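# Chains, contacts and geometry: an overview
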Amino acid sequence: MRALRVALLALAMAAAAVPAPAVQPDEILDDPALEARAREISKEIRCLVCRNESIDDSNAGLARDLRLVIRERLVEGDSDTDVRDFLVARYGEYVLLNPPFSLSNALLWLAGPLMLLGGGAVAGVWLWRQRSNRPATPAGDSPLTEAEQAELARLLAPRPPQDP
């Protein structure tokens, strides 16, 4: 029974941790089709205040303004592409959460994999050099002198039992 309570509590906590959309009731359009389009577009647009959050999830004032602009443009008859193009023209490609691959942002897309490959190459060269510079016999492998052998034999010799 206790395990069931713990599981229910964990489920309730997980459900409470799901972010709620930040869209306010006064922003919602009367036309459900337009509202669905507006929500889809706003999930793809970055909040310029929160950085890694969509304007659909952000409570920032600028995010609200952008959500309203999207809805106004849709009501005026713009297509989804027209709305995105308008926002990109106004704020740059940074406003898109998933910008398309282009020549202007190729370095940003390729920087991570290139750094990973470069780091792997540096580590490989370093390990190869370490292995090739290793001496044939380590310094600790030289034979023991007669004095060291005698001391080792004394230390390893069995001791006679002591009387209590």
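Coordinates for the structure precede this section.
Summarised in this report is the structure supplied together with it.

Cut-offs and rules
- Residues numbered from 1 in each chain as written.
- Predicted model: local features only at pLDDT ≥ 70, side-chain atom pairs only at ≥ 80, totals over all residues.
- Heavy atoms only, no water.
- Disulfide = S-S within 2.5 Å.
- Buried < 20%, exposed > 50% of the residue type's maximum accessible area, 1.4 Å probe, protein only.
- Salt bridge = Lys/Arg side-chain N within 4 Å of Asp/Glu carboxyl O.
- Helix = DSSP H or I, 4+ residues; strand = E, 2+ residues; numbered from the N terminus.
- Phe/Tyr/Trp six-rings, centres within 6.5 Å; stacked < 30°, edge-to-face > 60°.
- Lys NZ or Arg CZ within 6 Å of the ring centre and 35° of its normal.

Moving on, we come to the state of the cysteines. The final tally for this structure, using the stated rule, is zero disulfides. Its sulfur unpaired, Cys47 is 3.4 Å from the next cysteine sulfur, which belongs to Cys50. Residue class for Cys47 comes out buried when judged on its relative accessible area of 1%. For Cys50, a relative accessible area of 33% translates into the label partly exposed.

Let's shift gears to the pattern of salt bridges. With the rule as written, the count across this model stands at seven salt bridges. Across the pair Asp80 and Arg37 runs a salt bridge whose closest N-O atoms are separated by 2.7 Å. A residue pair is termed long-range when its members are at least 10 positions apart, and Asp80 in helix α4 (residues 80-91) and Arg37 in helix α2 (residues 32-44) qualify at 43 residues. The salt bridge involving Asp56 is made with Arg39; its shortest N-O contact spans 2.8 Å. Highlighted residues: Asp56 in the loop between α2 and α3 (61-75) and Arg39 in helix α2, separated in sequence by 17 residues. For Asp56, a relative accessible area of 2% translates into the label buried. Looking at Arg39, the relative accessible area reads 22%, which means it is partly exposed.

In this description, an aromatic ring pair is defined by two values, namely the gap between the centres and the angle between the planes. On inspection of all chains with the given rule, the structure shows one aromatic pair. Look at Phe101 and Trp109: their rings are 6.3 Å apart centre to centre, the planes differ by 65 degrees, and that puts the pair in the edge-to-face class. Across the ring face of Phe86, the terminal group of Arg73 is positioned such that the distance to the ring centre comes to 4.0 Å.

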